[in-house]
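Per-entry structural report
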Amino acid sequence: MNRPEPHDILPGTVLEFYGSKEILCGVVLAVKDGRFHVLSEKNREITLARSRAIHSGTYLMDPKRGRDELVRELSEISAVRKRLTEQIDLEEVWSLLESDDGEFHPYEIAEFIFTTPVPDNSAAAVNRALLQDRLYFLSRDARFSPRSAEAVDQRRVELEKEAELERKLAEGASWLEALWNRKTVPSLAFRDELIAALKEYSLFAQEAKESALIKEILKRAGLAPQPQTAFRALVKLGIWSEDENLLLHEHGITPAFPAPIMECAGQIAATNRLSASKTTREDLTDLAAFTVDSSLTRDYDDALSIRELGDGVLEVGIHIADAAEFVSRDDPLDREAEQRVSSIYLPDDRISMFPAALSEGAFSLKAGEDRLALSFILKMDSDANILERRIVPTVVRIRDQLTYHDVDSRLSADSGLSTLFELARKMRQKRLERGAIILPLPEINVYVNDVGMIQVTRYDKETPSQILVSEWMIAANATAADYLADNGIPAIFRGQAECRPETEFVQSDHELFAVYRQRRLFSRAELAAVPKPHCSLALTNYTTVTSPIRRYADLVVQRQLKSVLAGNRGVYTIGEVEQLISKLSAAQGRVFTIQRKWTRYWLLKYIEQEDLETLNALVLDKNARFAHLLIPELFLEINAPIPENSKFRQGEMVRLRIDKVNPREDMLKSTILDSPAR
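For clarity, every value in this text was computed on a predicted model and none was experimentally measured. (Residues numbered from 1 in each chain as written. Predicted model: local features only at pLDDT ≥ 70, side-chain atom pairs only at ≥ 80, totals over all residues. Heavy atoms only, no water.)

The next subject is the sheet that holds strand β1 (residues 13–19). With respect to topology, 5 strands assemble into an open sheet ordered β4-β3-β2-β1-β5, the strand pairing being antiparallel. Strand pairing shows two members of the sheet lacking a second neighbour, β4 (45–49) and β5 (53–60), which therefore form its edges. Pairwise comparison of adjacent strand axes, ignoring direction, gives a mean angle of 40° for this sheet. Two elements, strand β3 (residues 35–40) and β4, share 5 bridges in a ladder whose sense is antiparallel. If you follow V38 over to β4, its bridge partner there is I46. Running at roughly 170° to β5, helix α4 (residues 120–132) makes contact with β1, β2 (22–32) and β5 of the sheet. (Pairing = 2+ DSSP bridges. Helix = DSSP H or I, 4+ residues; strand = E, 2+ residues; numbered from the N terminus. Axes fitted to C-alpha atoms, helices over the stretch in contact; angles between N-to-C directions. Contact = heavy atoms within 4.5 Å.)

This part takes up the pairing of strand β11 (residues 313–321). Within β11, 9 of the 9 residues are buried, leaving the element largely enclosed by the surrounding structure. On β11, burial covers both faces: V313, E315, G317, H319 and A321 on one face and L314, V316, I318 and I320 on the other are all buried. As defined by bridge partners, strand β10 (residues 302–310) adjoins β11 across 8 bridges and the pair is classed as antiparallel. Its bridge partner lying in β11, I306 is registered against V316. With antiparallel pairing between neighbouring strands as the criterion, β10 and β11 make up a hairpin whose turn holds 2 residues, including D311 at a positive phi of roughly 55°. (Buried < 20%, exposed > 50% of the residue type's maximum accessible area, 1.4 Å probe, protein only.)

Under the definition given, this model contains 7 aromatic pairs. Residues F231 and W240 carry aromatic rings whose centres are separated by 6.2 Å and whose planes lie at 40° to one another, so their mutual orientation is tilted. F231 gets classed as buried once you look at its relative accessible area, which sits at 1%. A relative accessible area of 4% means that W240 is categorised as buried. Measuring from centroid to centroid gives 5.4 Å for Y601 and W602, while their planes differ by 85°, and the two rings are edge-to-face. The residues Y601 and W602 share a single accessibility class, namely buried. Grouping aromatic residues by their ring pairs yields a cluster made of F326, F354 and F363. Here the guanidinium or amino end of R340 rests over the ring plane of F257, the centre of that ring lying 3.7 Å away. The cationic tip of K622 hangs over the ring face of F648; the distance from NZ or CZ to the ring centre is 4.6 Å. (Phe/Tyr/Trp six-rings, centres within 6.5 Å; stacked < 30°, edge-to-face > 60°. Lys NZ or Arg CZ within 6 Å of the ring centre and 35° of its normal.)

Here we come to the environment of A624. Relative to the helices and strands, A624 is located in the loop between β20 (614–622) and β21 (626–631). Taking relative accessible area as the criterion, A624 reaches 77% and is therefore assigned exposed.

Moving on to the confidence of the model for the protein chain. The predicted model of the protein chain has a mean per-residue pLDDT of 92, with 97% of residues at 70 or higher. Taking the mean pLDDT of every element in the protein chain, the minimum, 67, falls on helix α11 (residues 274–278) and the maximum, 98, on β11. (pLDDT = per-residue confidence, 0-100.)

With that out of the way, let us pick up the packing of helix α6 (residues 191–204) against helix α8 (residues 227–236). It is at 8 Å that the axes of α6 and α8 come closest, and there the two elements cross at 135°. As far as their axial angle goes, α8 and α6 are oblique. Between α6 and α8 lies a crossing of left-handed hand. Touching I195, L198, K199, Y201 and S202 of α6 are P227, A230, F231 and L234, all from α8. (Parallel < 35°, antiparallel > 145°, perpendicular 65-115°, else oblique. Left-handed = near helix turned anticlockwise from the far one by under 90°.)

Structure follows, in structure tokens:
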């Protein structure tokens, strides 16, 4: 077998090179400094480095001939080589050379196919075929070596996968391009798979498993390869809404319950447990018990009652829905509730911890119906001194379902409500004297109706009704914590280590500013299996047990209480409580994040809806470039650049101009106006 001798590339030499991903023929017009000035078969003159030439033969053309004539001959040579390339059976050639471990020059391989001596066109055709081959031969430094049979089989599988990927890319891009431009959308075999990948990419961006695939499909469809584009595509498909809550998807939270859970809830709701329980429970159905909640509340988990016992002694009852009576540890409902960790209240939705048949039905303290409860009975004198505390399983019947507004409007005319409020106010004062710190902030309630209209209302947490309810719930929770602590029972206790006082006072005319500054100095409340002091409440022991329908931690504490009341040592060991705390802390953090971010989304939508142009903003903090602001009207915190030569200070109210709002991207661009707001 003869190896071709290397030859110089001279003017007139026909060589081949890659141009726009195809092999082209060209004739060398001139050689200078190792570079070739070439006329291509496309009638273009270009300069090539030697490394770009992939084949050159011995045939010489006269470079002085007319340009059109040279181009015509180059086209004829290229056509001949293309035809010869199509005739080459590389599989047959590979079968002849497969057992040889050597490397071959295209001329040598051509000798197996064409007659000897091999002409330029035949050698060039073999070179083209080998360069285009992705299956049988490996290429290195213009030499080719045959793959082993095993390597060919493996490579064939790889190429099939690549072909399948290319098909998906092409078909997916065509489908998305038609969808985006409102054309007739073609059928797509992997539609469900593509939609799932679009969802994941819109949620997790680069961390999505198929992010590379989706980005390439978007690029080929002429679309920006961004998560927001994937989201818009899903909206166009009608799979997601314009206001889809991606936070729920991101954390795998769904309002709907699995079918087995719904079946279990239905069975519990249909079972009458009152008859069996009445003989072992204290009957308090004669009390004038009532609930106090928002007008939107449907799941009532706590109620209050008050009656005079004589000799100046008052009996206050805090009655908590006995969810633990229905839901046993580790049963399907319990595992579902533990996973959900709490009910989630959003401006446009409510995601319950239990199915509605239970949270709004069998568990709920609904007016006019007998319900199982765990009651905290406090005997007190008129100065709010507690004379006796006891916790007892009961049956209660709610007389009234009041709203906070109802309580505030009836307070002066209703002796029971006014007495409860006066006792609550005195209990609060006692806590303040023990060192409690109350830094109330007004709350913003954001409600979105069925047609997407947003209502934003601000309410004061220092109204009599709010104080009344919060103080009695604190009293019940503290009673539960003291009882568990006195009996050495582990539970989900809540503590707060430190409430540092403000030491760097900043003058401000706005009380809200001082509250914000003081709050940032407080240690975060922490969960523990053993009791720890709670500094801002000024309580030695504290837990929460008053919302077992809405919070899983409260359900756990309720179980522990009931177990001890029955003469046992608790349902959970200290190790099990610690494991639960670790799990619930992380899960509850996710819930808080979802509620905070999604409320913020709708507040930004509200700014759009109302076309707000300017707003007052309180300067909470600032540095050389940015100010951290609070919009009191919406309780929305934002950052804004500080204009040049601005003289406003921390604690001042400034006027803010709204420049651009994008709720989906959590963007609010604004400009601080020069003059402080008055």
